[in-house]
Amino acid sequence: MPAIARPTLFSIPRVLPRIHQINLATALLRSGFMPFLSLFLYERGLGLAAIGMVMGFGSSVQLMAAVPGGLLIDHTRGRSVWLLVVAVLVLASSFCLMQAHDLVSLFCAVAMMSLAEAVVVPAILVLNLEGLAPHGMIDRVAHSQALGHMGRAVGLMLSGVIGSHFGFSALIGFEAIYLLILLGLVWRAPMPRMPVERIAPLPMNTGVELILLGVALGLFQIGNAVLHVLLSLELAKKGQISGPMLASHIAMIAQVAMIGCSLLAARVLRRWSAWLVLAASFAILPIRCACAFFLSASWAILPVELLHGASEALQMVAIAGIIGNLYAASGRAGSRFSCVMLLQGLGTAASPLVGGYIAQRWNWPTAFILLGLFGLLSLALWVLSRPYLKSLSVQR
C-alpha cells in the first residue's frame, strides 16, 4: 500500500483547495448577520424578554431540524440539492427581516435562519469527508476547522465594521454576497474523489456509543455555554467596556484560540486516543470556572475565553474524526453528526436558563462553582462509560 503523505501542521498551500474555499465561505456566511441578531432586535425596539423569546424560538427550531437536516444531507450526497434549500432559506429570512414589523415576521425569519444552520453544518462535514481516505481524515478535518474559525474571526471583524458604519441592513446585503460566493464554489465541477478505504462494519452498537457521547457533551455544554455570558454581564454591569465592543472582543479571543488549537488537535489525536482528548476537553471547564471564581472579571475573561477556544476546538476535531471513522463504514455521517449535535444542543439551550437562575437566585461566584460541577459530571460520565466506547476511535 503506498504511503499517504500528510500535510505539515501549519502548512498552507499557495492556492487553497476548493473544499477549504468552501469552508471559508461558509464561515463568512455564518458570521455575517446571525451573531448580531440580538443587537438588531434591540435596535428595532424589542425588550429583553421579547429578544430572549425570539432567540429561544430559533434555538428550538434548530434543535428540531438537526436530525432531519442530517438525513437530507445523507440522501442527497453527491448532489447540491441541500445548497438550493439553504439559499432559499437565507434569502427568504433576509427579506423577512428587512420587512419585519411584528413578532410573527421575526419568528418566521429566525426560524428560516435556524433551518439553514441545521442543514449547513452537517453538509460541510460531509463535504470535508467525501472521498477521503481514513488515514488522511484527521489532517483534513483539523485544517478545515482552523480555516473555518479563521473565516469566522474575519467575518466577525468585517461585520462589526460594516454594521457600525452602514447599519444592520448592510449586514443582510453582505450575507447575500457571502451566499453567492458559497453557491458558486459548491456548484462548480465535482471535487475529485480519492479512493476510500472501506473498513469492516463496527462490531459494537455505535448508536449507544454516540448517545453516550452526546449526553456527555450536553452535560458539558450546560456549564460551558453560559460562562462567558455571565462574565460579559458582570463586566457590562461594572461599565468597564461598551456592550458591542465587549461582544466583539470576546468572540475574537475565542476564535483566535480555536484556530491554533484546531491545528494542534491533529497532532494530539495522533499521539493520544480520541477518548483521552475528549476527557481533557471536559476537564477544562472546571479550570475555566476556577479562573472566573478566583480572578476579577476583567482579568478572568482572557484565560476563560482562551480555554473555551481550546476545549471547543479539541471537541469539534475529535467528534468530526470519530464521525468520519463511522462514515467510512456506514455512509451516514450527516445523520450521525446531527444526532450528536442535537444532544449537545439541548445542553447549550438549557445553559442560559440554569446559569441565569443560579446567578439571580444566589450570586456570581456560586454560579461559577455550580457550573464547574457540570464539567465534572460530564468527565465522570465519560470515564464510567469508557468500557462501552471502544469503537469511538479516530484513524491515525
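Bear in mind that the values here come from a model prediction, so they are computed numbers and not experimental data.

Draft legend 1. Representation of the overall build of the chain in the model. Helices and strands together make up the secondary structure of the chain, namely 14 helices and zero strands. Listing the helices and strands of the chain from first to last along the sequence gives α-α-α-α-α-α-α-α-α-α-α-α-α-α. Counting the 396 residues in the chain, one finds 51% classified as buried. The contacts of the chain with a sequence gap of at least 6 include a subset with a gap of at least 24, amounting to 85%.

Draft legend 2. Seen up close, the packing of helix 11 (residues 274-294) against helix 14 (residues 364-384). Where helix 11 contacts helix 14, the two axes come as close as 8 Å, and the packing angle between them is 165°. Considering their axes alone, helix 11 and helix 14 lie roughly antiparallel with respect to each other. At the point where helix 11 passes helix 14, the crossing takes the left-handed sense. Residues Trp 275, Leu 278, Ala 279, Phe 282, Ala 283, Leu 285, Pro 286, Cys 289, Ala 292 and Phe 293 of helix 11 touch helix 14, and the partners they reach there are Pro 365, Phe 368, Ile 369, Leu 371, Gly 372, Phe 374, Gly 375, Leu 376, Ser 378, Leu 379, Trp 382 and Val 383.

Draft legend 3. A look at the side chain of Gln 315. On the secondary structure map, Gln 315 appears in helix 12 (residues 297-330). In this structure, Gln 315 is in contact with Leu 217, Phe 220, Gln 221, Leu 278, Ser 281, Phe 282 and Gln 344, ignoring residues within four places of it in sequence.

Draft legend 4. View of the nonpolar core. Among the nonpolar cores identified, the biggest contains 51 residues, and Leu 227, Leu 231, Val 340 and Trp 382 are the most heavily contacted of them. Contributions of two or more residues to this core are made by helix 6 (137-166), helix 8 (206-224), helix 9 (227-238), helix 10 (243-271), helix 11, helix 12, helix 13 (333-361) and helix 14. Of all hydrophobic cores here, the second largest spans 24 residues; its members include Val 86, Ala 123, Val 126 and Leu 127.

Draft legend 5. Spatial organisation of the environment of Ala 225. In this structure, Ala 225 sits in the loop between helix 8 and helix 9. Along the chain, Ala 225 and Thr 348 lie 123 residues apart, while their C-alpha atoms are 5.8 Å from each other. Setting aside residues up to four positions removed in sequence, Ala 225 forms contacts with Thr 348 and Ser 351.

Draft legend 6. Structural view of the environment of Ile 22. One can find Ile 22 in helix 1 (residues 18-30). In this structure the C-alpha to C-alpha distance between Ile 22 and Leu 147, which are 125 residues apart in sequence, comes to 9.8 Å. Once residues within four sequence positions are removed from consideration, Ile 22 is found in contact with Ile 124, Leu 127, Leu 182, Leu 185 and Val 186.

Draft legend 7. View of the packing of aromatic side chains. Within the structure shown, the criterion is met by five aromatic pairs. Ring centres 5.7 Å apart and planes at 50° place the aromatic pair Phe 220 and Phe 282 in the tilted group. Here Phe 282 lies in helix 11 and Phe 220 lies in helix 8, a separation of 62 residues in the sequence. Residue Phe 220 is classed as buried on the basis of its relative accessible area of 0%. For Phe 282, a relative accessible area of 0% corresponds to the buried category. The interplanar angle of 10° and the centroid separation of 6.5 Å between the aromatic rings of Trp 275 and Trp 382 together place this pair among those described as stacked. One end of the pair, Trp 275, is in helix 11; the other, Trp 382, is in helix 14, and 107 residues separate them in sequence. Judged by relative accessible area, which is 12%, Trp 275 ranks as buried.

Draft legend 8. Focus on helix 14. In a regular helix each residue adds 1.5 Å, so 21 residues correspond to 30 Å; helix 14 covers 31 Å between its end C-alpha atoms and thus fits that length. Of the positions making up helix 14, those classed as buried are Ala 367, Phe 368, Leu 371, Gly 372, Phe 374, Gly 375, Ser 378 and Trp 382. Looking straight down helix 14, one finds that the buried residues subtend no more than 135° of arc, so they occupy a single side.

Draft legend 9. Representation of a nonpolar patch on the surface. On the surface, Met 150, Val 154, Met 157, Leu 158 and Val 161 cluster together to form a nonpolar patch covering roughly 390 Å² of accessible area. With respect to the helices and strands, the residue Val 161 is situated in helix 6.

Draft legend 10. Just the state of the cysteines, in detail. Enumeration according to the criterion identifies zero disulfides in this entry. The closest cysteine sulfur to the non-disulfide-bonded Cys 289 is located on Cys 291, 9.2 Å from its own sulfur. Overall, Cys 289 belongs to the buried group, its relative accessible area being 4%.

Draft legend 11. Up close: the confidence of the model for the chain. Here the chain shows a mean pLDDT of 76. Residues at 70 or above account for 76%. Contacts from residues 1-15, a stretch scored under 50 in pLDDT, to residues over four places away or in other chains number 19 contacts. Segment residues 194-204: pLDDT under 50, and 27 contacts once partners within four positions in sequence are set aside and those in other chains are kept.

The rules behind each value
Residues numbered from 1 in each chain as written. Predicted model: local features only at pLDDT ≥ 70, side-chain atom pairs only at ≥ 80, totals over all residues. Heavy atoms only, no water. Helix = DSSP H or I, 4+ residues; strand = E, 2+ residues; numbered from the N terminus. Buried < 20%, exposed > 50% of the residue type's maximum accessible area, 1.4 Å probe, protein only. Contact = heavy atoms within 4.5 Å. Axes fitted to C-alpha atoms, helices over the stretch in contact; angles between N-to-C directions. Parallel < 35°, antiparallel > 145°, perpendicular 65-115°, else oblique. Left-handed = near helix turned anticlockwise from the far one by under 90°. Core = buried A, V, L, I, M, F, W, Y, C linked by side-chain atoms within 4.5 Å. Phe/Tyr/Trp six-rings, centres within 6.5 Å; stacked < 30°, edge-to-face > 60°. Expected span 1.5 Å × (residues − 1). Arc of directions from axis to C-beta. Patch = residues over 30% accessible without salt bridge, like charges linked within 9 Å, V, L, I, M, F, W, Y side chains within 5 Å. Areas by Shrake-Rupley, 256 points an atom, 1.4 Å probe, with all protein chains shown as cover. Salt bridge = Lys/Arg side-chain N within 4 Å of Asp/Glu carboxyl O. Disulfide = S-S within 2.5 Å. pLDDT = per-residue confidence, 0-100.

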